[in-house]
There are 2 protein chains.
Amino acid sequence: MKAIVISIGDEILIGQVVNTNAAFISEKLNSVGIEVSKIITVGDTEEEILISFRENYDKADIVIVTGGLGPTHDDVTRKAVCKFFNTRLVQSMKAKRNVEEFLRKRNRKWSEAAENQTYIPEGAQAIHNKYGTAAGEFITKDGKYFIVMPGVPYEMESMMEDFVVPHFKDKIKDHFVLHRTLMTTGIPESELSNRLGDIDDLLQDAKLAFLPSPTGVRLRISVTGSQKKLCEEKIRAIESKIRSKAEKYIYDIDDEELEEVLGRILSERKLKIAIAESCTGGMIAHKITNVPGSSNYLERAVVVYSNQSKIHLLGIPKEMIEKHGAVSKEVAEAMARKIREIAGVDIGISTTGIAGPTGGSTEKPIGLVWIGYSDNNETIAIKFNFGDGRLRVKERASQAAMDLIRRKILKI
Amino acid sequence: MKAIVISIGDEILIGQVVNTNAAFISEKLNSVGIEVSKIITVGDTEEEILISFRENYDKADIVIVTGGLGPTHDDVTRKAVCKFFNTRLVQSMKAKRNVEEFLRKRNRKWSEAAENQTYIPEGAQAIHNKYGTAAGEFITKDGKYFIVMPGVPYEMESMMEDFVVPHFKDKIKDHFVLHRTLMTTGIPESELSNRLGDIDDLLQDAKLAFLPSPTGVRLRISVTGSQKKLCEEKIRAIESKIRSKAEKYIYDIDDEELEEVLGRILSERKLKIAIAESCTGGMIAHKITNVPGSSNYLERAVVVYSNQSKIHLLGIPKEMIEKHGAVSKEVAEAMARKIREIAGVDIGISTTGIAGPTGGSTEKPIGLVWIGYSDNNETIAIKFNFGDGRLRVKERASQAAMDLIRRKILKI
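Summarised in this report is the structure supplied together with it. All values derive from a computational prediction rather than experimental measurement. (Residues numbered from 1 in each chain as written. Chains lettered and ligands numbered in written order. Predicted model: local features only at pLDDT ≥ 70, side-chain atom pairs only at ≥ 80, totals over all residues.)

### Regarding the overall build of chain A
- Helix and strand content of chain A: 16 helices and 17 strands.
- With respect to the three principal axes, the spread of C-alpha positions in chain A is 80 × 60 × 40 Å.
- Out of the 412 residues belonging to chain A, those deemed buried represent 48%.
- Considering only residue pairs separated by 6 or more positions, chain A has 65% of its internal contacts joining residues 24 or more positions apart. (Helix = DSSP H or I, 4+ residues; strand = E, 2+ residues; numbered from the N terminus. Buried ≥ 20, exposed ≤ 12 C-beta atoms within 10 Å, placed from the backbone. Contact = placed C-beta atoms within 7 Å.)

Quick look at the structure:
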C-alpha cells in the first residue's frame, strides 16, 4: 500500500513551523509496511486544499491529511473534506463526548467553538482525541482510506498510535519494507564511504543511504520483500559486513540517541556520573535527563558559566585559570576530576570552550573545546575544534563528551 | 513571484529526518516577498525526482530543490537535473576550487569522490559551498529560476543567506507579504480566540493564524500589498488592537524565543541569575546559554538530580526533604533562595517535579512541577500541572520558569 501525506498550514509554507508531523506519520506508516511516496504541504485556503485532494487521491491507497481542524476561523479543512466527498457536516456523538470530557477535565465552559468541534463529515468515523477538542476523521471509500487529523503534534501522534497504526497493522501481511540504521559518530561521510569499499557488492539489491548531521553520519540499510524473515536475514548480513569495516564508529542502531545508549551502558554497570559544563551550558545534562530513569546514574551537574563559579563550586585554583585561561587542558582536567570527587561518583566529565559568536582569538578560535574525563584510574582532556555556529558547537561538544564516556567504559 | 520547494530524500519519506530545510528556505524567501505555494518531498530515485520537476516547473517562477548532491552512490539529483534540462555534466572551476579549499583546510586527500563533486550541469552557475564539497546549481531558463542545493542543512543555509536571498532581494520591489507574530504563553487557544472577539472586524482584509505549541500560542498577522509602508501600518494597527485585549500574555514578537527576551530584560537591568534545576534537568540552563552573551547574566546553574546533591550543593535540610518530599513548595522555595544566596546573584529560580514516565502518585501525579523564585524581596513557589510526556513536561516547566522571571521583573 502506498500513502501520500498532505500537511495543511500557511505556517509551514512561510517557514514558521517545521513539518514534524509528516516525519512522525511517515515513520509510523513505514513501521507497518506502508510506503509514503510523497509528502505535500499546501496553504490554509479551501481551494488549495481541494486541489491537493484532487491531484493526489488517485495516486495512493491511503491519504493522510493533517491540520486545519481547530476551533478558530482559519481552520477550513472540515469544509474542504465535505466538498471533496460531496457530503455535509453532522454532529458526532463520539466527538461530542470527547469535547465534553476535555472541557470538564480542565474546568472550562461549553462555547460556540466547542459546539463546532462536535461536527464531522457525514459517513466519516470520528477518531478520539486524547489531548484536544478536534476529533479525527476516518473515511473509507473507493477501496481507499482517507484520514484527517489535527495539526497539533501530540494530538495527531496519539491518534496515529492508538487508532491508525493498529488499524493497518492487522491488514498488511505480505509486503515488508525493513530498515536498519547504523549510528556513527567521529568520522566524515566521505571517509566512511571509502572505508565501506564497493557499495554494489556490499548491497546487492538492498539500498544504503548516508545521512550526515552535526553529530555524526547515520547509515541506513533498506530491504524490501514479501517475507519478513528473509528481509531480516538480508539486513543482518549487510549490517555485519559494514560492522567489520567501521565497528568502532558505530555506537548504536535505529535512531537511538547516544544518550540512550550511554544510559544503558551506565545502568548495566551500575556506574554513576557527574557533569561540569562550561561552554555546553547544560546541554549534556539536558540530553542525559531526557532519558527516563537517568536519575539512577546522573548524580548531579553544574553549569559553571562564570570563573567565580568554577572556583567556588569546583575549587579550581584561581591561579590555574589566570595562568592557562578557563579554556585549557588544565582547567578541563581539573573540572572533570573535581566534579567526580565532590559528587562521589565513578566518572566526571567536563567541557570548556568557545561557543561563539564572539570571544574567539587566533590562539583560541571559536569552536575550540576541551573535553575532560576522569575516573578512578585516569584524568585526561581532549582538544576538539567544532567549527562555528553556537548551537552546533554546543551539540557537537555534547555528543563528543558522551561518546568519550562510552568509549572509555567500553575500552574502544 | 511564486516558489515551489522540492525536497529530495528517502530519509524524509520514511520519517527518519524532519524536513527543516523546507522551513528555512520558505522563511528566507518570504522575507524577500516571495510566496511559497507548495512544498513537496519525493524519494531518492531519478524517476521520482524527474516527475516532481515536470509536475511543478510550470506552476512556479522559482523552483528550489535540495538534497542528493553528496559524493555517495545514493545522490542522483545532478543526473536528474541534466536529464530534465537535456544537458550534460561539465567540470566547474569554481566548484573545483571549492573542493580543493575544503580538503586542504581539513588535511584530507583528493579522491574520486572529490573529483565527482567538481561537476555541475552545463549552463548552470555554481554556488559556493562554505561548509562542504557539493556546489549549488543556479539555472535561469524560460524566465524562471531553478536552484539546486545540498540537503545538509548548514551547507544549504549558508547558500541561501549568501547567494539566493541577496539575488532576489534586489529584484522584488512592488509586492510585499508582511507577517508579524505575537508570542503568547499561559493562555489556551480557544480562550485567546474568545478574548479577541470578532475576528473579521479586527482584521478586515488581513489574515490571522493561531499556532499552538506546548509552550504557548503564537498569533500570526499577515498582510499583502504593493506598498511596504501601508502594509506596515496595517499590521501595526491590528497588533495594537490585539495587544489591548491580551497584553500580559504576549511576551514578544516574531518568533523570538522567551530566552532571548529574558536575556534582553536581564542585560538592560544588569541583573544576574542562577538556576537550581531538578526535573528540568539542565534544560533551562541549556536554553538560556543558547543566547549569545548569556555569560553576562547567567552566573551558574546546578542540576541537583539526586537528594544528596540538593543537600550537598544547596544545603537543603535533609529533614525538609523527608517531611515534605523533594517535590514540594518548601523544597522549591529553599532551592531558589539558596542558589541565589550561594551564587550571590539578584534572582534565583528553581524547578522540582515529576517528569515521568514513572514516579507519579495520586497525590503527586506525573506533570506536577513546583517552580521557585527568589529575589531580595521575596521567595515564592508556584504549582503547575503540565500533563504528561517527559520532554513536554521539561519544556513547559522551562518556559514557565523563564516567564516567571520575566513577569516578576516587569511586574506584570
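Now that the structure has been shown, we can carry on.
### Some remarks on the pairing of strand β2 (residues 35-42) of chain B
- Judged from the 3 bridges that link them, strand β2 (residues 35-42) of chain A and β2 of chain B form a sheet pairing that is antiparallel. Its bridge partner being in β2 of chain B, Ile40 of chain A is matched across the sheet by Ile40 of chain B.
- Note that strand β1 (residues 2-8) of chain B and β2 of chain B share 7 bridges and pair parallel. Its bridge partner lying in β2 of chain B, Ile6 of chain B is registered against Ile40 of chain B. (Pairing = 2+ DSSP bridges.)

### Details of the interface of chain B and chain A
- With 74 residues of chain B at the interface, the matching set in chain A holds 73 residues.
- Here the element with the most residues in the side of chain B that touches chain A is helix α2 (residues 20-31) of chain B; it accounts for 8 residues.
- Each residue belonging to the side of chain B that touches chain A can be placed in one class, and the counts come to 36 nonpolar, 26 polar and 12 charged.
- As paired elements, strand β14 (residues 298-303) of chain A and strand β14 (residues 298-303) of chain B share 3 bridges and run antiparallel to each other. The partner of Val303 of chain A across the bridge, within β14 of chain B, is Ala301 of chain B. (Nonpolar A, V, L, I, M, F, W, Y, C, P; charged D, E, K, R; others polar.)

### Some points on the nonpolar core
- Ranked by internal contacts, the top residues of the largest apolar core, which has 221 residues, are Ile273, Ile339 and Ile371 of chain A together with Ile273, Ile339 and Ile371 of chain B.
- Non-local contacts of Ile371 of chain B, meaning those with residues more than four positions away in its chain, are made with Ala332, Ser350, Thr351, Ala381, Ile382, Phe384, Ala397, Ala400, Ala401 and Leu404 of chain B. (Core = buried A, V, L, I, M, F, W, Y, C linked by C-beta atoms within 7 Å.)

### Quick look at the pairing of strand β16 (residues 368-374) of chain B
Residue and element names in this part refer to chain B.
- In terms of residue burial, β16 counts as a mostly covered element, since 7 of its 7 residues are buried.
- In this structure, strand β15 (residues 347-353) lies alongside β16, joined through 6 bridges in antiparallel fashion. When the sheet's bridge partners are listed, Gly348 is paired in β16 with Ser374.
- In textbook terms, the turn of a hairpin is the stretch between consecutive antiparallel strands, and for β16 and strand β17 (residues 379-385) this stretch comprises 4 residues.

### A look at the packing of helix α11 (residues 258-268) of chain A against helix α16 (residues 390-410) of chain A
Residues and elements named next belong to chain A.
- Their axes nearest at 10 Å, the elements α11 and α16 cross at an angle of 30 degrees. As far as their axial angle goes, α16 and α11 are roughly parallel. By crossing handedness, the relation of α11 to α16 is classed as left-handed. In this structure, α11 uses Leu258, Glu259, Val261, Leu262 and Ile265 to contact α16, whose residues at the interface are Gln399, Met402, Asp403, Ile405, Arg406 and Ile409.
- Here the contact of α11 with α16 is composed, by residue class, of 7 nonpolar, 1 polar and 3 charged. (Axes fitted to C-alpha atoms, helices over the stretch in contact; angles between N-to-C directions. Parallel < 35°, antiparallel > 145°, perpendicular 65-115°, else oblique. Left-handed = near helix turned anticlockwise from the far one by under 90°.)

### Brief notes about the environment of Gly344 of chain A
- Mapped onto the elements, Gly344 of chain A comes out in the loop between α15 (329-343) and β15 (347-353).
- In this structure the C-alpha to C-alpha distance between Gly344 of chain A and Ala274 of chain A, which are 70 residues apart in sequence, comes to 8.6 Å.

### As for the packing of helix α8 (residues 189-196) of chain A against helix α10 (residues 228-246) of chain A
Residue and element names in this part refer to chain A.
- In contact at an axis separation of 9 Å, α8 and α10 are set at 110 degrees when each is read in the N-to-C sense. The angle between α8 and α10 falls in the class roughly perpendicular. α10 is crossed by α8, and the crossing has right-handed handedness. Taken together, the residues of α10 that come into contact with α8 (itself represented by Leu192, Arg195 and Leu196) are Ile242, Lys245 and Ala246.

### As for the sheet that holds β14 of chain B
- One open sheet accounts for 10 strands, arranged β17(A)-β16(A)-β15(A)-β13(A)-β14(A)-β14(B)-β13(B)-β15(B)-β16(B)-β17(B); its pairing is mixed. With partners counted over all chains shown, the strands left at the sheet margins are β17 (379-385) of chain A together with β17 of chain B, one partner each. On average, adjacent strands in this sheet sit at an angle of 10 degrees to one another, irrespective of strand direction.
- Summarising the sheet, β16 of chain B and β17 of chain B pair through 7 bridges and their orientation is antiparallel.

### Considerations on the relation of the copies chain B and chain A
- Laying chain B over chain A is done by rotating through 180 degrees and shifting 0.0 Å along the axis; what remains is an RMSD of 0.0 Å. The operation mapping one copy onto its partner corresponds to a two-fold rotation axis.
- Residue by residue, 99% of the interface of chain B is reproduced at the interface of chain A, so both copies engage with the same surface. (Least-squares fit on C-alpha atoms with pLDDT ≥ 70 in both.)

### Details of the sheet that holds strand β12 (residues 250-253) of chain A
All names here are of chain A.
- An order of β10-β11-β9-β12 is seen for the 4 strands of this open sheet, with the pairing classed as antiparallel. Edge positions in the open sheet fall to β10 (207-213) and β12, since each of these has one partner strand only. Direction aside, the axes of adjacent strands within the sheet are offset by 25 degrees on average.
- Bridging between strand β9 (residues 176-184) and β12 involves 3 bridges; their strand directions are antiparallel. Along β12, the bridge assignment pairs Thr184 with Ile250.

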